[in-house]
Amino acid sequence: MTASAFDQTERLHGLDGLRGAALLLGVVLHGTLSFFPSQIWIVGDDQTSVWASGLFFVIHLFRMASFFLIAGLFGHMMLKRRGALGFIKNRLIRIAGPLAAFWGPMMGGIVAVLVWNASLHGMTAADAPPPPTYDWTNIPLTHLWFLWVLLWFYAALVIGQAVLSRLDRAGGLGRGLDRMAGGLIGPWGPLLLGAPLALALWLEPTWIAFFGIPTPDAGLVPETSALVGFGLAFGMGVLLERRRDLLAKIAGWTPVYLGLTLGSGTTALMLSGGPTPVLTPMTDPAAKALAAAAFGVATYASMFAVVGLALRFWSGHSALRRYLADASYWIYIVHLPLVMAAQVVVQDWAMVWPIKLALVVVGVLAVSLASYELMVRHGFMGRWLNGRRVPWRTVRPAATVAAE
């Protein structure tokens, strides 16, 4: 695979596909939570397994870091094409707008499922704890937290680009950034990127190792470790957009990244409790340091590995992958209350957990894709969320077809 395959004019179909897959995997990820060996989720199924928590661990390890890398790459591309004002307008419409519009309905849906599930277990309003008091430090962002964090990173990108343009008129700083990007591609890259993340995780007082980078879903100021971990991935994406030739090198190093992921990921899993995860904060400084180091390497090794796989095997155009990539944003927005509702429905069914999980995932995807096709793709919401409205196909009269 040559560097020219990823030049500045070529559409990156592999990363398009990976972006969609990372969002769609959220359905599987959240679907596994009801089957954990110990209940940590609103819905607790009567079938549990360490394999369910293991599947969660694998997906969670690479999913969000990979997405933030892709967001950084495409974000920098858009900033160059549209300029600062055009970029800000676009991101306010397509990121801030959906966050503001859908947070309330999604939160309402989650609460409705919570109340429904409680009623099925014989609980009444008298059994409910007193409602919490919210302020800017503990606002429940739900799964839409990642749109909020993206806005932080987009703001940093615009400011950073403006500062670089003003200070680097001779281009020296830019060339230095490009050399730094090149130096991060190789087996040593996950170690170099993982070091600051490991330090941030080690300093996190309430870090639960099994979950890797903490999910900043409560409060308007994300945890430092989340900003470091996801910010490095986003920044790496920005650097890769400047150096498209490095994408071919990532694809070439894929087998090595997979090996690093297997070694460091297995180590991280064992240090966080192994087959039965420990879901309490780590307190021993030495054990915490080892676990943080393993997670630092595993996070970025797995990120580079899945990016390399996507570039190697999804580089060609696929109408199905493009459709799912377009639909994935809508599915991401609406999926969580649907997943929880499906988990409530199947929680007492006499089936093994993999079948239940499959039913949850297939059911949620079916409802989400149907609503996308009927309500979003061909109307104003398609233009809002995807930047374009796909018109309905028109059927030509038979006489016209015969005449041709």
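Treat the numbers as computed from the prediction; the structure is a model and nothing was measured.

Cut-offs applied
Residues numbered from 1 in each chain as written. Predicted model: local features only at pLDDT ≥ 70, side-chain atom pairs only at ≥ 80, totals over all residues. Heavy atoms only, no water. Axes fitted to C-alpha atoms, helices over the stretch in contact; angles between N-to-C directions. Helix = DSSP H or I, 4+ residues; strand = E, 2+ residues; numbered from the N terminus. Parallel < 35°, antiparallel > 145°, perpendicular 65-115°, else oblique. Left-handed = near helix turned anticlockwise from the far one by under 90°. Nonpolar A, V, L, I, M, F, W, Y, C, P; charged D, E, K, R; others polar. Expected span 1.5 Å × (residues − 1). Buried < 20%, exposed > 50% of the residue type's maximum accessible area, 1.4 Å probe, protein only. Patch = residues over 30% accessible without salt bridge, like charges linked within 9 Å, V, L, I, M, F, W, Y side chains within 5 Å. Areas by Shrake-Rupley, 256 points an atom, 1.4 Å probe, with all protein chains shown as cover. Salt bridge = Lys/Arg side-chain N within 4 Å of Asp/Glu carboxyl O. Contact = heavy atoms within 4.5 Å. Phe/Tyr/Trp six-rings, centres within 6.5 Å; stacked < 30°, edge-to-face > 60°.

Notes on the packing of helix α10 (residues 319-346) against helix α11 (residues 353-376)
Step number 1: As a packed pair, α10 and α11 sit with axes 7 Å apart at the nearest point and diverge in direction by 135°. The pairing of α10 with α11 is recorded here as oblique in orientation. Relative to α11, the crossing made by α10 is right-handed.
Step number 2: Here the contact of α10 with α11 is built from residues that sort into 17 nonpolar, four polar and three charged.

Some details on helix α6 (residues 224-242)
Step number 1: Compared with the 27 Å implied by 1.5 Å per residue over 19 residues, the 27 Å span of α6 between its first and last C-alpha is a close match.
Step number 2: Residues of α6 that are buried: Ser-225, Ala-226, Gly-229, Phe-230, Ala-233, Phe-234, Met-236, Gly-237, Val-238, Leu-239, Leu-240 and Glu-241.

Observations regarding a nonpolar patch on the surface
Step number 1: A cluster of nonpolar side chains, Trp-116, Leu-120, Val-345, Trp-349, Met-351, Val-352, Ile-355 and Leu-359, forms an exposed patch at the surface whose accessible area comes to about 690 Å².
Step number 2: Elements supplying a minimum of two residues to the nonpolar patch: α2 (50-120) and α11.
Step number 3: As for its placement among the helices and strands, Val-352 is situated in the loop between α10 and α11.

Here's the deal with the packing of helix α1 (residues 13-32) against helix α9 (residues 285-313)
Relative placement of two packed helices is described by the angle separating their axes and the distance separating the axes.
Step number 1: Where α1 contacts α9, the axes come no closer than 7 Å and their chain directions differ by 125°. As summarised for this structure, α1 and α9 are arranged oblique, according to the angle between their axes. In terms of crossing hand, the pair formed by α1 and α9 is right-handed. Together, Gly-14, Leu-15 and Leu-18 of α1 and Val-306, Val-307, Ala-310 and Leu-311 of α9 make up the contact between the two elements.
Step number 2: Taken together, the residues of the contact of α1 with α9 break down into six nonpolar, one polar and no charged.

With respect to the packing of aromatic side chains
Step number 1: In this structure the tally under the stated criterion is 25 aromatic pairs.
Step number 2: Taking the centre distance of 6.1 Å and the plane angle of 15° together, the rings of Phe-56 and Phe-210 count as stacked. With Phe-56 in helix α2 and Phe-210 in the loop between α5 (189-203) and α6, this residue pair connects regions lying 154 residues apart in the sequence. Per residue, the accessibility class of Phe-56 equals that of Phe-210, and both read buried.
Step number 3: For the pair Phe-210 and Phe-211, a centre-to-centre distance of 5.3 Å together with 85° between the ring planes defines the contact as edge-to-face.

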